[in-house]
Amino acid sequence: MGMPKFNVDGASLGKPGRAGIRGILRDHLERQTIIFSKAVGVVDSNTAKYLAMLEAFSLFLASLWGANHSLLIEIDSTNIVKWITEPSKVPWRLRRYVSRVEFLKTKCREWKIMHTYREGNDIADGLAKVGIIRSKDFLIVYKE
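What you are looking at is a predicted structure, and each value in this text was computed from that prediction instead of being measured.

A. Structural detail: the side chain of Lys-49. Structurally, Lys-49 can be placed in helix α1 (residues 45–62). Ignoring anything within four residues of it in the chain, the contact list for Lys-49 reads Asp-9, Gly-10, Ile-75, Asp-76, Ser-77 and Ile-80.

B. Representation of the sheet that holds strand β2 (residues 17–26). Read across the open sheet, the six strands follow the order β5-β4-β1-β2-β3-β6; overall the sheet is mixed. The sheet is open, and its two edges are formed by β5 (111–115) and β6 (138–141), each paired on a single side. Strand-to-strand twist across the sheet, computed as the mean angle between neighbouring axes with direction ignored, equals 20°. Here β2 runs beside strand β3 (residues 32–43); their pairing, made up of ten bridges, is antiparallel. When the bridges of β3 are listed, Arg-26 appears paired with Gln-32. Where α1 meets the sheet, its contacts fall on β1 (5–14), β2, β3, β4 (71–75), β5 and β6, and the angle it forms with β1 comes to roughly 150°. Together, β4 and β5 form the strand contacts of helix α2 (residues 78–85), whose direction differs from that of β5 by roughly 155°.

C. Layout of helix α3 (residues 95–107). Taken together, the buried positions of α3 are Tyr-97, Val-98, Val-101, Leu-104 and Lys-105. All buried residues of α3 project into a common sector of 140° when viewed along the axis, lining one side. Relative to its buried face, α3 has exposed residues pointing more than 90 degrees away, namely Arg-96, Ser-99 and Thr-106.

D. Up close: α2. Three or more residues of α2 are buried, namely Ile-80, Val-81, Trp-83 and Ile-84. Against α1, β4, α3 and β5 lie the buried residues of α2.

E. Region of the structure containing the packing of aromatic side chains. Applying the stated rule across the entire model yields two aromatic pairs. Pairing Phe-6 with Phe-36 gives two aromatic rings, centres 5.9 Å apart and planes at 65°, and the pair type is edge-to-face. Placement of Phe-6 in strand β1 and of Phe-36 in strand β3 is noted, with a sequence separation of 30 residues between them. Of the residues examined, Phe-6 reaches a relative accessible area of 0% and is grouped as buried. Arranged with centres 6.0 Å apart and planes meeting at 85°, the rings of Phe-57 and Trp-111 form a pair that is edge-to-face. Of this pair, Phe-57 sits in helix α1 while Trp-111 sits in strand β5, and the two are 54 residues apart along the sequence. The class of Phe-57 is buried, set by a relative accessible area of 0%. For Trp-111, a relative accessible area of 24% gives the class partly exposed.

F. Examining the pattern of salt bridges more closely. Taken as a whole and assessed by the stated rule, the structure comprises seven salt bridges. Note that Asp-27 and Arg-31 form a salt bridge whose closest N and O atoms lie 2.6 Å from each other. The exposure class assigned to Asp-27 is buried, which follows from its relative accessible area of 2%. A relative accessible area of 39% means that Arg-31 is categorised as partly exposed. For Glu-102, the salt bridge goes to Lys-105, with nearest N and O atoms at 2.7 Å. Within this pair, Glu-102 and its partner Lys-105 are both found in helix α3, separated by three residues, close to a single helical turn. Through salt bridges that share partners, Asp-9, Lys-49 and Asp-76 make up one connected network.

Conventions and cut-offs
Residues numbered from 1 in each chain as written. Predicted model: local features only at pLDDT ≥ 70, side-chain atom pairs only at ≥ 80, totals over all residues. Heavy atoms only, no water. Helix = DSSP H or I, 4+ residues; strand = E, 2+ residues; numbered from the N terminus. Contact = heavy atoms within 4.5 Å. Pairing = 2+ DSSP bridges. Axes fitted to C-alpha atoms, helices over the stretch in contact; angles between N-to-C directions. Buried < 20%, exposed > 50% of the residue type's maximum accessible area, 1.4 Å probe, protein only. Arc of directions from axis to C-beta. Phe/Tyr/Trp six-rings, centres within 6.5 Å; stacked < 30°, edge-to-face > 60°. Salt bridge = Lys/Arg side-chain N within 4 Å of Asp/Glu carboxyl O.

Shown next, in the form of structure tokens:
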């Protein structure tokens, strides 16, 4: 059986600017199981993308999948891939989130993060941009 896969993204309108995050978790058959999109305040795009990772880990571990499945995360940022795999490289402005991400990583049975090109992350990219203007968080969890 394959790994569930979370495609995540974050976007901001400025450096910093109003920002949003989003993600889609798909099961091993590519069925959507979790979708989220929400505003995260005024931050830069790297912070938004890091917050999207934090949200993905949190939602995965809170789901039925978290207890007995490994997780694959795809994001279109090589910086985020580097910072998740090498937390000591995270810029100072993101340090307050590192301990939470590191804790959540230890709770995953197994996890892997991969860079994907923007074209491969287009649904996540679109929902992140919609998240910028969201007044309420958006979350859908599908049951099998």
